[in-house]
Structures are given as C-alpha cells and as structure tokens.
Amino acid sequence: MQRRLFNTAATLALACTATLGATAARAQADYPNQPVTIIVPFAPGGTTDVVGRALATSLTKQLKQSVIVENKPGAGGTLGVVDMQRAKPDGYRLTMVPVGVFRQPYVQKTQYDPIRDLTYIASFTAYDFILAVAADSPFKTVKDVVEYAKTHKEGVDYGTPGKFTGNQVAMALLGKAAGVPFTHVPYKGDSEAITALLGGHVKTMVSTNGILNFMETGKVRALAIAADKRPPAFANVPTFKEAGYDVVVPSPLGLAGPRGLPLPIVQKLDAAVKAALDDPEMQRVIKTYGIRTDYRDHQAYSEFARRNFEAEKSIVQSLNLND
C-alpha cells in the first residue's frame, strides 16, 4: 500500500514538473504577449534617454508588442540594475546598462553585483564624453581650463549626469594627468547638467553626445573628447590625447534583464536589438546625436561585462572619485 502511494505521488510530481516545464516553454515561445518595460537609469532628455526611447520604438516594431520607457534617475545610473533584483526573469522588465554599473561596487557599498544579478542581452551603441563650456566662456582649450585651475584658488567646477559615471572618470583622469584638482557637481542627467552650464552655475561640464545640438546652435563650445580618435560627428573636436592628456573613456551602452532570464527570451531580444539598429528612425537618432553603433550579441556582451568589471577595479584604485 505504501509503495503504491509512493508511486502515485512520484507520478503526480513528475506530471506536475512536466506541466510546469511545458507551461514555461510555451510562455517563452509566446514571448512577448504583453508590454515590455525598459528602465532608463537617467532623467528624461539626456542622451541615454533619447537612445532608450528610440530603441523602445524600434523594438516595438520588432517584437510586435509595446515597449515602454521608465526613467529611474539617480545613484550614478545604477537604479535600473537594482530594480532587476526584484524583477521576474520573464523578459517583461529590462534595463539599459551604462558602464558605470561596473564601477560603483568599487567606490561604495552597492545593493547589487553586476555579474551575479544581470542577464546580458546585447550592447547596441557607444557614446562619448565631451568637455564643454558655455559659448561665452573664456576657456578656449583644455589647457586654458587646466591653467585656470592651477592659478585660481576657487579652481574649476564641472557638471556631470551623476557621481561615479564615465563623465566623472574622464575629468578625474584629466585632473590626474594635469596634476590639478577639479570640483565635481553631479546632477541627475545630461539635460540638468547642460542647463546648469548654460545658466552659469558651473564653469564646465562633461557631457555625452546630447551636447551636439547645443554645439551646432552655438550655445556651447566643446574643448575635447575622451575618445581614442575623433568620431565623425565630432570631427572638429580634438581628443584629450591630441591636447596632450591621456584621457580615453570607452562607454558602450547595452540592455540586460534580471538573473535567470531564459535563453530563448535572451536570444529573441538579442535578435530584436540587432534588427533595431537598422531601423531608419534608430539610425536617425544615432546620426543626430553623433552616437556610434557598438553591437555585441548576448555572449560577447556577457564576456565584456566580466572583463570590464575586473578592469574597473584598477581604474578606481588610481583615482579619487569620492571628491
């Protein structure tokens, strides 16, 4: 009797497992059958937000399901990653991943581990970091900024879209290379930092590609770009290296989901991201903001994440980002 009951229970357990497996497989095959949310971890109006919205529009076409943007600014662009710790691994809640998420665990206590807590889907673009001043600024070159910081007690302040971002790293590297300190003023996004610059609240700022429109309208002047060579959209802006300072900060931008995101969903999203890069509207935004495409599939992006997380440790140890 006991053996019969045991066999019956085992059979029911196997049947339940099979049913759950079939249900999960069906859900993955039907994905997506409801709206998908992508978190943009910066305030509306900045480069990451503009790119995120263009990507969401293109993914809506690719996935044949609404893709919605939710802004979560603050904490140096890491709130999307924090959100992934609570998200279900079903592909309906995703986040954009700026490279700052690999740096934060080395500079302060964080609620997340960028390798353990994320499933990397694909990277799609890379933006640059540009040192800029208002059009009426007396600074015409990077050397002008450095010399002012050396000879004036109040020094030079600079705005960025947040603490521990690549923007701050670029200026920290300049300070180290030039042997002068700069005062960091973090905001919640590029748009806030640009507003502060134009309003005279900071002398300089380090922006991403969103500064391009303000350059073209003559409101700001770009002094240098933290790239290894001049991108086409910034052909008239010298690199920091050309100005005599070894400042290069790469910054690919990607998409990730929570830990445990099933491979079929990852592959479907990866393919959709790749296809989205060929969408005319996405291409228009990329061109308008001078952003470079930088596609990595889910495997290459996962490997990049592991390598970059390790590399950030030495970068942080050589800089004082808490100033």
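So, here is what we can say about the structure in this document. (Residues numbered from 1 in each chain as written. Predicted model: local features only at pLDDT ≥ 70, side-chain atom pairs only at ≥ 80, totals over all residues. Heavy atoms only, no water.)

### What about the overall build of the chain?
The following threshold applies: Per the convention used, a helix needs a DSSP run of H or I reaching at least four residues, while a strand needs a run of E reaching at least two, with both numbered from the N terminus. Throughout, exposure labels follow a simple rule: accessible area from a 1.4 Å probe, protein chains only, divided by the maximum for the residue type, with under 20% read as buried, over 50% as exposed, and the rest as partly exposed. Whether two residues touch is decided by their heavy atoms; if any such pair falls within 4.5 Å, the residues are in contact. We get accessible surface area from the Shrake-Rupley algorithm with a probe of 1.4 Å; when it comes to residues, only the shown protein chains can shield them. None of His or the chain ends enter the tally, which takes Lys and Arg as positive and Asp and Glu as negative. All charge positions are set by atom: Lys at NZ, Arg at CZ, Asp at CG, Glu at CD.
What the chain contains, in helices and strands, is 11 helices and 11 strands. Judged by the C-alpha coordinates and their principal axes, the chain covers about 95 × 40 × 30 Å. Among the 323 residues that make up the chain, the fraction classed as buried is 52%. Nonlocal contacts in the chain, meaning residues at least 24 apart in sequence, comprise 77% of its contacts between residues at least 6 apart. Summing over all exposed atoms, the chain offers an accessible surface of approximately 14,800 Å²; the carbon and sulfur share of this is 53%. Between the averaged position of the 36 positive side-chain charges in the chain and that of its 29 negative side-chain charges there is a distance of 5 Å.

### Description of the sheet that holds strand β11 (residues 292-296)
Rule in force here: By the convention used here, strands pair only if DSSP detects at least 2 bridges between them. Fitted lines through C-alpha atoms give the axes, limited to the stretch in contact for helices. The angle between two N-to-C directions lies from 0 to 180 degrees.
The mixed open sheet is built from six strands, whose spatial order is β2-β1-β3-β10-β4-β11. The sheet is open, and its two borders are formed by β2 (67-71) and β11, each paired with just one other strand. Each neighbouring strand pair of the sheet contributes to a mean axis angle of 25°, computed without reference to strand direction. On top of the sheet, helix α2 (residues 47-63) reaches β1 (36-40), β2, β3 (93-97), β4 (118-126) and β10 (252-258); it is set at about 160° to β2, its chief contact. Helix α11 (residues 298-318) rests against β3, β4, β10 and β11 of the sheet, and its axis sits at about 95° to β4.

### Re helix α6 (residues 166-178)
The condition is simple: Expected helix span is taken as 1.5 Å per residue step, with the number of steps being one fewer than the number of residues.
An ideal rise of 1.5 Å per residue puts 18 Å on 13 residues; α6 measures up with 18 Å between its terminal C-alpha atoms. Within α6, 11 of the 13 residues are buried, which leaves the element mostly enclosed by the surrounding structure. The set of residues buried in α6 consists of G166, N167, Q168, V169, A170, M171, A172, L173, L174, G175 and A178. Immediately beyond the C-terminal end of α6, within one or two residues, lies G179, with a positive phi of roughly 75°.

### Focus: the environment of S66
By the element assignment, S66 lies in the loop between α2 and β2. Looking at S66, the relative accessible area reads 37%, which means it is partly exposed. With 30 residues separating them in the primary sequence, S66 and V36 have C-alpha atoms 6.3 Å apart. Beyond its immediate sequence surroundings of up to four residues, S66 is in contact with P35, V36 and T60.

### Examining the sheet that holds strand β8 (residues 204-207)
Pairing in this open sheet of five strands is mixed, and the strands run β7-β6-β8-β5-β9 from one edge to the other. Looking at strand neighbours, the two that pair on one side only are β7 (183-186) and β9 (220-225), the edges of this open sheet. Ignoring which end each strand starts from, the neighbouring axes of this sheet average 30° apart. Where strand β5 (residues 130-134) lies against β9, five bridges are found, and the strand directions are antiparallel. Bridge assignment links A134 to a residue of β9, and that residue is V220. Taken strand by strand, α6 contacts β5, β6 (157-160), β7 and β8, and its axis lies near 125° from that of β8.

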